[in-house]
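# Descriptive structure summary
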Amino acid sequence: MEFKRRNGGPAVGGASQAKKGKMNTEWEDSPSQFEEELALFDEMEMEAESGEGQAGHDVIPVGDLFSADLNPRWKRPHAPPLQPNSDTLIFQQIDLDYYLGSAVAGMPGQVQGKVPIVRMFGVTDSGNSVCCHVHGFAPYFYVPAPNGFTNAHLAEFQRELNSVVLKDMRSNKDNIAVTVLAVDITKKESMYHYHGNKPLEFLRITMAMPRLIAPAKRLLEQGFKFANFATQSYQAYEANIDFEIRFMVDSDVVGCCWIELPKGKYRLREERSVSLCQYEVDVAWNHLVSHPAEGEWQRIAPLRVLSFDIECAGRKGVFPEPEIDPVIQIASMVQRQGEKEPFIRTVFTLQSCASIVGSQILCFTQEKQLLQSWAEFVRTVDPDIITGYNIQNFDLPYLLNRAATLKVSLFPYLGRVWGCKSVLKDSSFQSKQMGRRENKTVNMEGRVQFDLLQVLLRDYKLRSYTLNAVSFHFLQEQKEDVQHSIITDLQNGNEQTRRRLAVYCLKDAYLPLRLLQKLMCVINYMEMARVTGVPLTYLLSRGQQIKVVSQLLRQAMKQDLVMPVVRTEGGEDYTGATVIEPEKGYYSVPIATLDFSSLYPSIMMAHNLCYTTLLQKSQVDKLGLAPEDFIKTPTGDLFVKSSVRKGLLPEILENLLSAELKKETDPFKKQVLDGRQLALKISANSVYGFTGAQVGKLPCLEISQSVTGFGRQMIEQTKQLVESRYTISNGYQADAKVVYGDTDSVMVKLGVATVQEAMNLGKEAAEWVSSHFVPPIKLEFEKVYYPYLLINKKRYAGLYFSSNAEHHDKMDCKGIETVRRDNCPLVANLINTCLQNILIDRDPDGAVAHAKEVISDLLCNRIDISQLVITKELTRTAQEYAGKQAHVELAERCVFTHSTTWSSSCPNLYSLNPLHNLSGRMFGLHTNFPITWIPINRTAKNSPNNSKCVTLL
DNA sequence: TACGGCACCTAC
DNA sequence: TAAGGTAGGTGCCGTA
């Protein structure tokens, strides 16, 4: 195998003094590209700062003398004195939570006992950190007022409910004296079903603490009696809303918005401060001003982003265990959001380490001191966002466990609240979308953990999620080359080998920052938080539903609608979309593709489908509705028209989709707007899924099945329309034929010879078909495939032309082995090349020849399958591996170390299936040893013009 | 050997 | 407590 060097030819001579022992490899001869990059940071900073301050390549043997003042750069900018009576305080809020605490004098709300206090953390324009305690907001929920209820009954209801809730408590360790703070009558309407626009009387029940809501709700549902009203069950509304969301909705605060505390309306904490933030203030919840993220309020504060990576000295062949194996290095990089490069680049090392230009090295002789000092470093730098690669499930838990083992008592305080210990917890998160995911969590109040691995797992489907693979995929860059197995040896070597390790460690801290930047994660997540209104942290810790709930509550509040608590019980599935039976084959003529844009959202808007417009059959007469007041959907469900009542969901969708974002020339502002566009689109598409989520907050199958019902009707109608109009008898060149279609698209053979003609006719057809549907439903011309290989439902490939009829944009493959991650790369590459042969070179014989060649290459390198030496080894390895990605790596090795007999019974059919079957059993892996059929079958059966072609069956 | 059930992953 | 949807191809495995 060729040994590739990163930076050109071998260095002659070289400055390295580490040329002894087995650790000496060519790698150390010359600085890596990454080291040159680091050095460049240094030069740029020297220029910018004209030499003052710390030049960043010190090696500081701190030992016992560590002080957080070691580097003035670590600290946040000086915070000018704040005069609450004359200064407004403005900050971007990035994290929001609540705690139970004692009331603060002068603030609204309960005075006695523990009260819930919302806490917002944020950053000002000048980069100063803020902790803001928000007082006076209490949790509440609703129940319908019983018949005959008047203001005179309020006190009795409150007293009785308070009494039963108190009685219900098994222990009252907080010594709660009052559970129900208030009961008020308000006019509200349930958002579920259309009720004739008649608000009814509801009781708004305010509780002392969020955790009292659930028992109060349960007791009311079970049957509650007060005064001389009969015992009855009360249906609860909005009793299942997270307190943070409740607060944000009611105070019009969205995730990551800017908060203004007007002068004279807040208090500065001087002495009793509980946080590490530079400003700590108290404010009444109704005194804070929340700015919608428009215009100047779209900006992003200079947040501090810390990325870090640790190295441990593990034992040979054993995964490091924090109870045993020491932490030997921690690399940290800190970057201000919006800037190009990190301004802090530091490695904490155990034992001495040679200098690295462009970074600061702090050497420790005791691991205990290393850990404690790093924690102090974190507290000094005071990052708003903490990132890294798999920090959530590895680095942070490892550090905490290691610190506990070594009894570093001051380590586990990594958040922004004094005395609030960071503890490790196990949590499991399960959804159909992502399967069961076991995670560890570490609390760090006021800092947002933004583990890049978690971001990638949520947002990208990749073949491999190793940092190396991901970096290569997105940045065409790789990790420094250090094998895990030699880390301990490097540590036990000399200051040069430890230097090599430090460079590696630094790069692992640097790559997540680069990826964060490249993928614009911070901006995109902030925009998602702003659009959907949830705290930033929810986006990585919660599912899709909470985002829709947040928007729904905001829209509902404007119309005095309340959301019922529905009990979730899985029911029958409902019918989804239609997939048109494909006319399988190879098409050497242009195929136009027409798509409904945002099909499901546009159906909901066009037909006013919503909880609030859903009409019960029994209510039609009762509410005196005329036939023209409502519609019957294809599934037989009734919904009132927007002239009777405009639905909430259509309103939300209009807001999401109609937002015409103005052209922006400033590149930074443009990034923010692009992020918002993305967030708007994703949010619109998740509304339908929310209504169909049977294990969810507010499922409504009448809505979801009506949506898919309309969709089925529409794709069918589209096919009919196109095939009936574009005919020879109507003067067109040929009879058009819809050869395939899935959910919201039709692939049409229009019978024209050129891509340009297909584009023109496709556009015309889309426009004409659109006119048959209710706005905003719109069919659009999207692309032309030429040629087009249609293998089966959800499996096809073609050259994709969208704007330029002369040049194709790409080869588009759907559902084929090339895009599936359960095939080994060999198969994917082979099929990909075959498809290129067929579609681009139009040479099916070439495809077959290529397949033959690859397979015979395999056979030539054959190792007798009966030699099980390697197989046993691999079996053992396979059992050690848990993940799928290991699976793929394993496959790669197997393909090249094994081979198989081929089936000679069918001369044109080459099968690797025996290997496939065999390996599956051999490895004891569940399924899908990723070798599959490579069926290359020459046939002209489906060819329209009887020419030679290849079908992949 | 045929077939249903399941896991996995994708299309939309 | 929290957890978006259905359609469908493909291969493995157990069962008759």
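If you're wondering where the values come from, they're calculated on a predicted model, not measured in any experiment.

## Structural notes on the overall build of chain A
- Counting its secondary structure elements, chain A contains 24 helices and 33 strands.
- For chain A, buried positions account for 54% of its 953 residues.
- Looking at chain A alone, contacts between residues at least 24 apart form 70% of all its contacts between residues at least 6 apart.
- Of the accessible surface of chain A, which amounts to about 42,500 Å², a share of 50% is contributed by carbon and sulfur atoms.

## Quick word on the sheet that holds strand β26 (residues 638-640)
- Here we have 3 strands laid out as an open sheet, ordered β24-β26-β25, and antiparallel in their pairing. Of all strands in the sheet, those with a lone pairing partner are β24 (614-615) and β25 (630-632), marking the two edges.
- Note that β25 and β26 share 3 bridges and pair antiparallel. Across the sheet, residue Phe630 finds its bridge partner in β26, namely Val640.

## What to know about the pattern of salt bridges
- Scanning the model with the defined rule gives 41 salt bridges in all.
- For Asp384, the salt bridge goes to Arg76, with nearest N and O atoms at 2.9 Å. Of this pair, Asp384 sits in the loop between α5 (367-381) and β16 (385-388) while Arg76 sits in the loop between β1 (59-61) and β2 (89-102), placing them 308 residues apart in sequence. For the pair Asp384 and Arg76, a shared accessibility class is recorded, and that class is buried.
- Across the salt bridge formed by Arg514 and Glu477, the nearest N and O atoms sit 3.0 Å from each other. Here Arg514 is found in helix α10 (residues 495-518), whereas its partner Glu477 is found in the loop between α8 (467-475) and α9 (487-491), with 37 residues between them in sequence.

## A short note on the packing of helix α14 (residues 599-606) against helix α17 (residues 667-692)
- Running from N to C, α14 and α17 point in directions that differ by 75°, and their axes come no closer than 8 Å. Classified by the angle between their axes, α14 and α17 sit roughly perpendicular to one another. Residue-level inspection shows Tyr600, Pro601 and Met604 of α14 in contact with α17, the latter providing Ala684, Asn685, Val687, Tyr688 and Thr691.
- Of the residues belonging to the contact of α14 with α17, the class tally is 6 nonpolar, 2 polar and no charged.

## Focus on the sheet that holds β2
- Ordered in space as β9-β10-β4-β3-β2-β8-β11, the 7 strands form an open sheet in which the pairing is mixed. On the outer flanks of this sheet lie β9 (266-268) and β11 (289-291), each paired with one strand and no other. Shown here is a sheet whose adjacent strand axes are inclined to one another by a mean of 35°, direction ignored.
- Relative to β2, helix α4 (residues 243-250) is tilted by about 135°, and along the sheet it contacts β2, β3 (114-123) and β4 (129-135).

## Some details on the UniProt feature "domain: DNA polymerase zeta catalytic subunit N-terminal" (unreviewed entry) in chain A
- According to UniProt, the positions carrying the feature "domain: DNA polymerase zeta catalytic subunit N-terminal" (unreviewed entry) are residues 96-135.
- Counted over residues 96-135, helix gives 0% and strand 60%. Its end C-alpha atoms are 13 Å apart.

## Description of the side chain of Asp508
- Here Asp508 shows up in helix α10.
- Classification of Asp508 as buried rests on a relative accessible area of 5%.
- There is a polar contact of 3.1 Å between the side chain of Asp508 and the side chain of Lys479.
- Here Asp508 is in contact with Asp309, Glu311, Leu467 and Lys479, once residues within four sequence places are set aside.

## Some details on α17
- A rise of 1.5 Å per residue sets the reference length of α17, with its 26 residues, at 38 Å; its end C-alpha atoms lie 39 Å apart and thus fit the reference within 8%.
- At Ser686, α17 shows its largest kink, close to 25°.

## Description of the packing of aromatic side chains
- A complete count under the given rule lists 39 aromatic pairs for this structure.
- Between Tyr786 and Phe801, the ring centres sit 6.5 Å apart and the planes meet at 45°, which makes this aromatic pair tilted. With Tyr786 in strand β29 (residues 779-792) and Phe801 in strand β30 (residues 795-801), this residue pair connects regions lying 15 residues apart in the sequence.
- Accessibility expressed as a relative area gives 6% for Phe801, which makes it buried.
- Among the aromatic residues, ring-to-ring pairing joins Phe149, Phe157, Phe224, Phe226, Phe229 and Tyr234 into one connected group.
- Seen from the ring of Phe343, Arg336 lies directly overhead, with NZ or CZ sitting 3.8 Å from the centre.
- Positioned above the aromatic ring of Tyr786, the side-chain terminus of Arg842 is 4.7 Å from the ring centre.

## As for the environment of Met526
- Relative to the helices and strands, Met526 is located in helix α11 (residues 521-532).
- With a relative accessible area of 0%, Met526 lands in the buried category.
- With sequence-adjacent residues up to four places away left out, Met526 is seen in contact with Gln92, Ile94, Gly255, Cys256, Ile300, Leu303 and Leu536.

## Observations concerning unusual backbone geometry
- Residue Pro775 is joined to Pro776 through a cis peptide bond whose omega torsion reads 5°.
- For Pro776, the location among the structural elements is in the loop between α19 (755-770) and β29.
- Residues other than glycine seldom take positive phi values, yet Cys256 does so here, at roughly 60°.
- Residue position: Cys256 is located in the loop between α4 and β8 (258-261).

## Some words on the confidence of the model for chain A
- Model confidence for chain A is summarised by a mean pLDDT of 82, while 83% of its residues fall at 70 or above.
- Ignoring residues within four places in sequence, the model shows residues 51-55, a span with pLDDT below 50, making 8 contacts including any to other chains.
- In this model residues 859-953 is a low-confidence stretch, pLDDT under 50, and it forms 142 contacts with partners more than four residues away in sequence or in other chains.

## As for the pairing of β30
- With 6 of 7 residues buried, β30 is to be regarded as a mostly interior element.
- For β29 and β30, the ladder comprises 6 bridges, and the chain directions are antiparallel. Residue pairing in the sheet places Tyr788 in a bridge with Gly798 of β30.
- Linking two consecutive strands that pair antiparallel, namely β29 and β30, is a turn of 2 residues; a positive phi of about 60° is found at Lys794 within it.
- Summarising the sheet, β30 and strand β31 (residues 810-814) pair through 5 bridges and their orientation is antiparallel. Bridge pairing in β31 places Tyr800 opposite Lys810.

## Re the nonpolar core
- Judged by nonpolar contacts, the single largest core of 142 residues is most densely connected at Leu552 and Tyr611.
- Among residues more than four places away in sequence, those in contact with Leu552 are Met191, Met563, Tyr611, Leu648, Leu649, Ile652, Phe690 and Leu698.
- If you look at the next biggest cluster of nonpolar residues, it comprises 42 residues, including Leu400, Ala403, Phe411 and Tyr504.

## Focus on the environment of Thr537
- Along the polypeptide, Thr537 turns up in helix α12 (residues 536-541).
- Look at Thr537 and you get partly exposed, because its relative accessible area is 24%.
- Ignoring anything within four residues of it in the chain, the contact list for Thr537 reads Asp95 and Val448.

## Structural notes on the state of the cysteines
- Using the criterion set out here, one finds 0 disulfides in the structure.
- Lacking any disulfide linkage, Cys132 is separated from the closest cysteine sulfur, that of Cys131, by 7.4 Å.

## Observations concerning the environment of Glu238
- Mapped onto the secondary structure, Glu238 falls in the loop between α3 (213-222) and α4.
- C-alpha of Glu238 to C-alpha of Tyr142: the two residues are 96 residues apart in sequence and 6.5 Å apart in space.
- In this structure Glu238 touches Tyr140, Phe141, Tyr142, Arg246, Leu553, Leu561, Val562, Met563 and Val565, once residues within four positions along its chain are discounted.
- A distance of 2.7 Å separates a polar atom in the side chain of Glu238 from a polar atom in the side chain of Arg246.

## Focus on the packing of α5 against helix α6 (residues 391-405)
- At a closest axis distance of 10 Å, the pairing of α5 and α6 adopts a crossing angle of 130°. As summarised for this structure, α5 and α6 are arranged oblique, according to the angle between their axes. Read as a crossing pair, α5 and α6 show a hand that is left-handed. Between α5 and α6, the residues in contact are Glu367, Leu371 and Trp374 and Leu399, Arg402 and Ala403, respectively.
- The residue inventory of the contact of α5 with α6, partitioned by class, reads 4 nonpolar, no polar and 2 charged.

## Let's talk about the side chain of Asp395
- Structurally, Asp395 can be placed in helix α6.
- Lys479 is the oppositely charged side chain nearest to the buried, salt-bridge-free Asp395, at an N-O distance of 9.7 Å.
- Of the polar contacts made by the side chain of Asp395, one reaches the backbone nitrogen of Ile310; its length is 3.1 Å.

So, how was this worked out
Residues numbered from 1 in each chain as written. Chains lettered and ligands numbered in written order. Predicted model: local features only at pLDDT ≥ 70, side-chain atom pairs only at ≥ 80, totals over all residues. Heavy atoms only, no water. Helix = DSSP H or I, 4+ residues; strand = E, 2+ residues; numbered from the N terminus. Buried < 20%, exposed > 50% of the residue type's maximum accessible area, 1.4 Å probe, protein only. Contact = heavy atoms within 4.5 Å. Areas by Shrake-Rupley, 256 points an atom, 1.4 Å probe, with all protein chains shown as cover. Pairing = 2+ DSSP bridges. Salt bridge = Lys/Arg side-chain N within 4 Å of Asp/Glu carboxyl O. Axes fitted to C-alpha atoms, helices over the stretch in contact; angles between N-to-C directions. Parallel < 35°, antiparallel > 145°, perpendicular 65-115°, else oblique. Nonpolar A, V, L, I, M, F, W, Y, C, P; charged D, E, K, R; others polar. UniProt positions renumbered as here; feature names shortened; annotations may be inferred. Polar contact = N/O pair within 3.5 Å; in protein donor to acceptor, adjacent residues only side chain to side chain. Expected span 1.5 Å × (residues − 1). Bend = angle between axes of the 7 residues up to and from the residue. Phe/Tyr/Trp six-rings, centres within 6.5 Å; stacked < 30°, edge-to-face > 60°. Lys NZ or Arg CZ within 6 Å of the ring centre and 35° of its normal. pLDDT = per-residue confidence, 0-100. Core = buried A, V, L, I, M, F, W, Y, C linked by side-chain atoms within 4.5 Å. Disulfide = S-S within 2.5 Å. Left-handed = near helix turned anticlockwise from the far one by under 90°. Lys, Arg positive; Asp, Glu negative; His and termini not counted.

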